[in-house]
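# Understanding the architecture of this molecule
Each chain, letter by letter, is given below.
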Amino acid sequence: MKKTVMAGFAAALLTSAAGSASAEQLTVFGPWLGPDQSYVEAVLEAFAEKSGHDVRYVGSDSFEQQIVVDLEAGSAPNVAAFPQPGLASDMAKRGFLAPLGEDVADWLRENYAAGESWVNLGTYVGPDGDSALYGFPFKIDVKSLVWFVPENFEDAGYEVPETMEELKALTEQIVADGGTPWCIGLGSGAATGWPATDWVEEMMLRTASPEDYDRWVTNEMKFTDPVVINAIEEFGWFARNDDFVAGGAGAVASTDFRDSPKGLFTSPPQCYMHRQASFIPAFFPEGTMMGDDADFFYFPAYEGKDLGKPVLGAGTTWVITNESDAAHELIAFLQTTEAHEIWMGLKGFLTPYKAVNPEAFSDPTLRKMNDILLQATTFRFDGSDLMPGGVGAGSFWTGMVDYAGGKSAEEVADAIQKSWESLK
Amino acid sequence: MHPALQGLITIIIGVGGCVGYFYFSNFVLDRFLFPAKGPQAGRNINRANMVRPWLFLFPAIFALGLYLAYPVIETLRLSLTDRNLGGAFVGLENYRQMVGEPKFWEAMRNNMLWLIVVPAASTAFGLMAAQLTDRIKWGSIAKSLIFMPMAISFVGASVIFKLVYDTRPAGQEQIGVLNAVWLAFDGGVWSFVVLRLLPAVLLAAFAVLMLYVIYLALVPLLRRNTAHSGGSRLTALVRVIVAAGAAWLGFLASRSILPVLTVALPYGEPQTWLTIPFWNNFFLMVVLVWIQTGFAMVILSAALRGIPEETIEAAVIDGANPFDIFFRIKVPQIMGTIVVVWTTITLVVLKVFDIVFAMTNGQWETQVLANYMYDKLFRANDWGVGSASAIVIMLLVLPILVWNVYNARKEMR
């Protein structure tokens, strides 16, 4: 009796081992929970069906902390989707990530709009000191958007500005007509100040070259550099003028970023324009019809400066944290139009992949945003997310709150630079 | 599997495992290792009884070693190494770097503030509540209301208080209670009384309290001067230090009475309470005081009831007024319990993390040590400095812990 049980057990072990030889188990770790989790699972489901692997997704709301612990402890998932490329680059340096290979880099170059920007974004220095492509950017958010109410623009006879010069002229025009052009809110609880970092990053891209931007986020160019000070002051042109901002400059720092777009929809409007990333419609009043009640345009670049059409954004970078064949197969699957189009049909997904069918977007607003992404000549990732946490999620935020409160740009930049140096 | 089912299974396995361990380990010991029969039964029984305590202690020792001793040693090791250099030994370099950071000193300063204010306020409020609710009919209802915050997690309490401090732009309706009240003060008599006179009186009261503390600390010294007794140098030193600290705090308080009376306050404008440097620390402390007062009240109330009636009756017959009875009869008798409550809350305060993390994340000069450590470990990914700050917290906790255990054992004797 005992023998037959043992034999049966051994047979079961053998068959399960044989089964896993062809179909591996693949674990994917990402920052998505709630409805977003079902979206990413839909994509992974399609991959599982195609490849026959057993794919499991785990989400965490403290991804950044958890992944470091997992990697250090040697219990890494196979694939991880990093929302912060800066952290991924740290992990690559410590040898926790597997390079994706030169052909994936070539694929990005050819198939993603502004391809070189994406290759740069995913290229990190490895443990041996050589740089290679480690990250595959997948699921992008666009930040360079200005939201407005078309009806208000029509009533006042304003045109959507095509260049930064026009935008500034429009701002002054609205004031001359007795209105208030902008709603800006930096409040975000413990993270207060981050919306202003986005503004400064946008201004860096519109007043300096992408190379300067890259040097800035790595601190090769100091915060106290005149180029950076100039970008901060460009933001100040909009935010520190009592006539330009709803509630006056004093209200900028204390207004919550979730409340500030509501000024667009009051009657008479508290403001005409609001610059914010693609997620902000979630905080519009209930029943707002996108396209009719609210719309957006690309936050324009200076015509006088030959910097093309830069787009600021964020998103996730997928990396292999525990190498296996299935992990490489998943990265290969992300290079198919299918993987992109499944998530496009759901929500909250943009892609710079040129070959996808735009009709696959469930929502015309997303399609229009994606156009901005596809027409970009340069794409740069949210700089504060690339900086060390102590700066990008610390002194840069508080510095911007101080700046909005009236401190000079030099003083603020000096404080941020000092905090950066103390990290080293 | 449903999480509830998982939990149930975990409980069954856990409890079953514990019972199974003790049962089977005893069984093995008595039946196979040292059976109480045969030629050497007597010797075997003695040996089994020598092994048995260790068998029962083993799970606890093992778990303590695995979850406490090993992490402490590992933290100490990490704090002396630099991971960027491949884990090389760098001596006290991490500590040097940490001490050079202004954020660290800000965290130290704030922790000291928390240590002074929270245990004192919680114990004082708890004692007050315990004394007052003992005398009234609906005392038990009041007690349960005060105790209830104990059931709320720190993060939950932080979320509640975040709503209290919430700010909306001027012109919109304020949903934060504090701002709604603030906006009601738009100059006039009451805003003078509440916003200037009341804080000034509080500060003056605090200064007087500090004078009393100095008096309490120094009186035994002055008396002892006549009869010199050796061996109390340490207590004398502690008393002088306490007196000096109280003098400094009292000086600070009395110095700021005038500025408080004359300060220009931005009436009628909604305030972002949590971003006002220095004062925002106190807005955060309120949360912990709110939670811990219930704890202090319950323990002190039990202690108050344990006071023998005879001493109080004797005091009443001798003509003592209620204040005398409370401060001279009751409080000295429960001093031991007060100290235990005080130190227990002090330990909680030293580890305070959740409240700061959930409310300000250490921004606007509200950083505390535990949050600083989290920041270093998980945001800056600097395990050296993170571990160093963990060791600092441990060193700060240690003396209080030792003293607490010492006191508790003295009580038991």
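Residues numbered from 1 in each chain as written. Chains lettered and ligands numbered in written order. Predicted model: local features only at pLDDT ≥ 70, side-chain atom pairs only at ≥ 80, totals over all residues. Heavy atoms only, no water.

### What to know about the overall build of chain B
Each helix and strand counted, chain B has 17 helices and two strands in total. At 27 Å, chain B has a C-alpha radius of gyration far larger than the 22 Å of a compact globule built from 413 residues. C-alpha atoms of chain B, sized along the principal axes, occupy 95 × 65 × 55 Å. Excluding contacts between residues fewer than 6 apart, the proportion of contacts in chain B whose partners are at least 24 apart in sequence is 71%. Summed over all atoms, the accessible surface of chain B reaches about 24600 Å², with 73% contributed by carbon and sulfur. (Helix = DSSP H or I, 4+ residues; strand = E, 2+ residues; numbered from the N terminus. Rg over C-alpha atoms; globule rule 2.2 N^0.38 Å. Contact = heavy atoms within 4.5 Å. Areas by Shrake-Rupley, 256 points an atom, 1.4 Å probe, with all protein chains shown as cover.)

### Quick notes on the side chain of serine 122 of chain B
Inspection of the secondary structure assignment puts serine 122 of chain B in helix α4 (residues 102-133). Residues in contact with serine 122 of chain B, not counting those within four places in the same chain, are Val289, Gln292, Thr293, Ala296 and Ile345 of chain B.

### Observations concerning unusual backbone geometry
Among all residues save glycine, negative phi is the norm, and among peptide bonds the norm is trans. All names here are of chain A. In this structure, the amide linkage connecting serine 267 to the following residue, proline 268, adopts the cis form with an omega of -5°. A positive phi angle, near 75°, is found at lysine 139, a position not held by glycine. Structurally, the position occupied by lysine 139 is in strand β6 (residues 135-142). Notably, asparagine 219 is not glycine yet its phi reads approximately 70°, a positive angle. Structurally, asparagine 219 can be placed in the loop between α10 (210-217) and α11 (226-239).

### Remarks on the state of the cysteines
Residue and element names in this part refer to chain A. For the coordinates displayed, the defined rule picks out one disulfide over all chains. Each sulfur in the disulfide pair cysteine 183 and cysteine 271 lies 2.0 Å from the other. Its torsion about the S-S bond being -100°, the disulfide of cysteine 183 and cysteine 271 is classed as left-handed. With cysteine 183 in the loop between α8 (164-176) and α9 (194-207) and cysteine 271 in the loop between α12 (250-254) and β8 (273-275), this pair connects stretches of sequence that are 88 residues apart. Residue cysteine 183 is classed as buried on the basis of its relative accessible area, which comes to 3%. (Disulfide = S-S within 2.5 Å. Buried < 20%, exposed > 50% of the residue type's maximum accessible area, 1.4 Å probe, protein only.)

### Examining the domain arrangement of chain A
Residue and element names in this part refer to chain A. Considered domain by domain, chain A is made up of domain 1 (9-141 + 314-381) and domain 2 (145-310 + 383-422). Between domain 1 and domain 2, the contact holds 16 residues from the first and 18 residues from the second. Overall, the association of domain 1 and domain 2 removes approximately 1500 Å² of surface from exposure, summing both partners, and the carbon and sulfur fraction of that is 61%. At the junction of domain 1 and domain 2, the tally comes to two salt bridges. With a closest N to O distance of 2.8 Å, lysine 368 and aspartate 295 form a salt bridge. (Domains from an automatic or database assignment. Buried area = accessible area lost by both parts, 1.4 Å probe. Salt bridge = Lys/Arg side-chain N within 4 Å of Asp/Glu carboxyl O.)

### Observations regarding the packing of helix α17 (residues 389-404) of chain A against helix α18 (residues 409-423) of chain A
All names here are of chain A. Between α17 and α18, the least distance of the axes is 9 Å, while the angle of their chain directions is 165°. The orientation of α17 with respect to α18, classified from their angle, is roughly antiparallel. Handedness of the crossing formed by α17 with α18: right-handed. On α18, the residues touching Gly390, Val391, Ser395, Phe396, Gly399, Met400, Asp402 and Tyr403 of α17 are Ala409, Val412, Ile416, Ser419, Trp420 and Leu423. Considered class by class, the residues forming the contact of α17 with α18 number nine nonpolar, four polar and one charged. (Axes fitted to C-alpha atoms, helices over the stretch in contact; angles between N-to-C directions. Parallel < 35°, antiparallel > 145°, perpendicular 65-115°, else oblique. Left-handed = near helix turned anticlockwise from the far one by under 90°. Nonpolar A, V, L, I, M, F, W, Y, C, P; charged D, E, K, R; others polar.)

### So, a nonpolar patch on the surface
Side chains of Tyr23, Phe24, Phe27, Val28, Phe32 and Leu33 of chain B sit close together on the surface and give an oily, nonpolar patch of about 650 Å² of accessible area. Tracing the chain through its elements places tyrosine 23 of chain B in helix α1 (residues 3-33). (Patch = residues over 30% accessible without salt bridge, like charges linked within 9 Å, V, L, I, M, F, W, Y side chains within 5 Å.)

### Side note on the domain arrangement of chain B
Residue and element names in this part refer to chain B. The domains assigned to chain B are domain 1 (3-80), domain 2 (100-185 + 271-412) and domain 3 (186-267). Relative placement of domain 1 and domain 2: their C-alpha centres are 38 Å apart. Across the contact, five residues belong to domain 1 and seven residues belong to domain 2. On the domain 1 side of the contact with domain 2, Thr75, Leu78 and Ser79 bury the most area, a combined 72% of that side's loss. At the junction of domain 1 with domain 2, the criterion picks out zero salt bridges. Inspection of the region where domain 1 meets domain 2 yields zero residue pairs in polar contact (both at pLDDT 80 or more). (Polar contact = N/O pair within 3.5 Å; in protein donor to acceptor, adjacent residues only side chain to side chain.)

### Observations regarding the nonpolar core
If you look at the biggest cluster of nonpolar residues, it comprises 71 residues, and the most contacted ones within it are Val28, Phe136, Phe138, Trp318 and Leu330 of chain A. Among the elements that make up this core, the one with the highest residue count is helix α2 (residues 35-51) of chain A (seven residues). For this core, the domains that each give at least three residues are domain 1 (9-141 + 314-381) and domain 2 (145-310 + 383-422) of chain A. The contacts of phenylalanine 138 of chain A, once residues within four sequence positions are left out, are Val43, Tyr112, Thr316, Trp318, Leu334, Ala339, His340, Trp343 and Phe349 of chain A. Listed in part, the 62 residues of the second largest apolar core include Phe185, Trp273, Ile334 and Val356 of chain B. (Core = buried A, V, L, I, M, F, W, Y, C linked by side-chain atoms within 4.5 Å.)

### Re the packing of aromatic side chains
Any pair of aromatic rings gets described here by the distance separating the centres and the angle formed by the planes. Scanning the model with the defined rule gives 66 aromatic pairs over all chains in all. Ring centres 5.9 Å apart and planes at 85° place the aromatic pair tryptophan 216 of chain A and phenylalanine 396 of chain A in the edge-to-face group. Residue tryptophan 216 of chain A is located in helix α10, and its partner phenylalanine 396 of chain A is located in helix α17; the two are separated by 180 residues in the primary sequence. In this pair, the class of tryptophan 216 of chain A matches that of phenylalanine 396 of chain A, namely buried. For the ring pair phenylalanine 22 of chain B and phenylalanine 56 of chain B, a centre distance of 4.9 Å and an interplane angle of 25° mean the geometry is stacked. In this pair, phenylalanine 22 of chain B is assigned in helix α1 and phenylalanine 56 of chain B in helix α2 (residues 41-79), connecting sequence segments 34 residues apart. (Phe/Tyr/Trp six-rings, centres within 6.5 Å; stacked < 30°, edge-to-face > 60°.)

### A short note on the interface of chain B and chain A
Across the boundary between the two partners, chain B contributes 18 residues, which contact 23 residues of chain A. Contact between chain B and chain A buries roughly 1700 Å² in total, counting both sides, with carbon and sulfur atoms accounting for 53%. Where chain B packs against chain A, one counts zero salt bridges. Linking chain B with chain A are one residue pair in polar contact (both at pLDDT 80 or more), by the criterion used here.

### A look at the pattern of salt bridges
Overall, the coordinates contain 27 salt bridges over all chains when judged by the stated rule. The partner of arginine 275 of chain A in a salt bridge is glutamate 202 of chain A, and the shortest N-O contact between them spans 3.1 Å. Placement of the pair is arginine 275 of chain A in strand β8 and glutamate 202 of chain A in helix α9, with a sequence separation of 73 residues. Between glutamate 101 of chain B and lysine 376 of chain B there is a salt bridge; the shortest N-O distance is 3.2 Å. Note that glutamate 101 of chain B is positioned in the loop between α3 (93-99) and α4 and lysine 376 of chain B in helix α16 (residues 369-379), a separation of 275 residues in sequence. Like glutamate 101 of chain B, the residue lysine 376 of chain B is buried in the burial classification. Through salt bridges with shared partners, one network takes in Glu102, Asp106, Arg109 and Glu116 of chain A.

### Focus on the sheet that holds strand β7 (residues 145-148) of chain A
Residue and element names in this part refer to chain A. Read from one edge to the other, the open sheet built from three strands follows the order β8-β7-β9, with strand pairing classed as antiparallel. Edge strands, defined here as strands with exactly one partner in the open sheet, are β8 and β9 (295-298). Averaged over neighbouring strand pairs, the angle between their axes works out to 30° when direction is ignored. Examined bridge by bridge, β7 and β8 share three bridges and lie antiparallel to one another. Across the sheet, residue tryptophan 147 finds its bridge partner in β8, namely histidine 274. Strands β7 and β9 of the sheet are contacted by helix α15 (residues 364-374), whose axis makes an angle of about 10° with β9. (Pairing = 2+ DSSP bridges.)

### Describing a negative patch on the surface
A surface patch of negative charge is lined by Glu159, Glu162, Glu165, Glu166 and Glu303 of chain A. Checked against the element boundaries, glutamate 303 of chain A lands in the loop between β9 and β10 (310-320). (Lys, Arg positive; Asp, Glu negative; His and termini not counted. Charge placed at Lys NZ, Arg CZ, Asp CG, Glu CD.)

### Quick word on the pairing of β10 of chain A
A regular strand places its side chains so that they alternate between the two faces of the sheet. Residues and elements named next belong to chain A. With eleven of eleven residues buried, β10 is to be regarded as a mostly interior element. Relative to β10, strand β3 (residues 79-82) runs antiparallel, the two sharing four bridges. Bridge pairing links alanine 80 to valine 319 in β10. Bridge count for β6 against β10 is seven bridges, and the pairing is antiparallel. The residue bridging phenylalanine 138 from the neighbouring strand is threonine 316, located in β10. Note that β10 and strand β11 (residues 378-381) share four bridges and pair parallel. Bridge pairing links leucine 312 to arginine 380 in β11.

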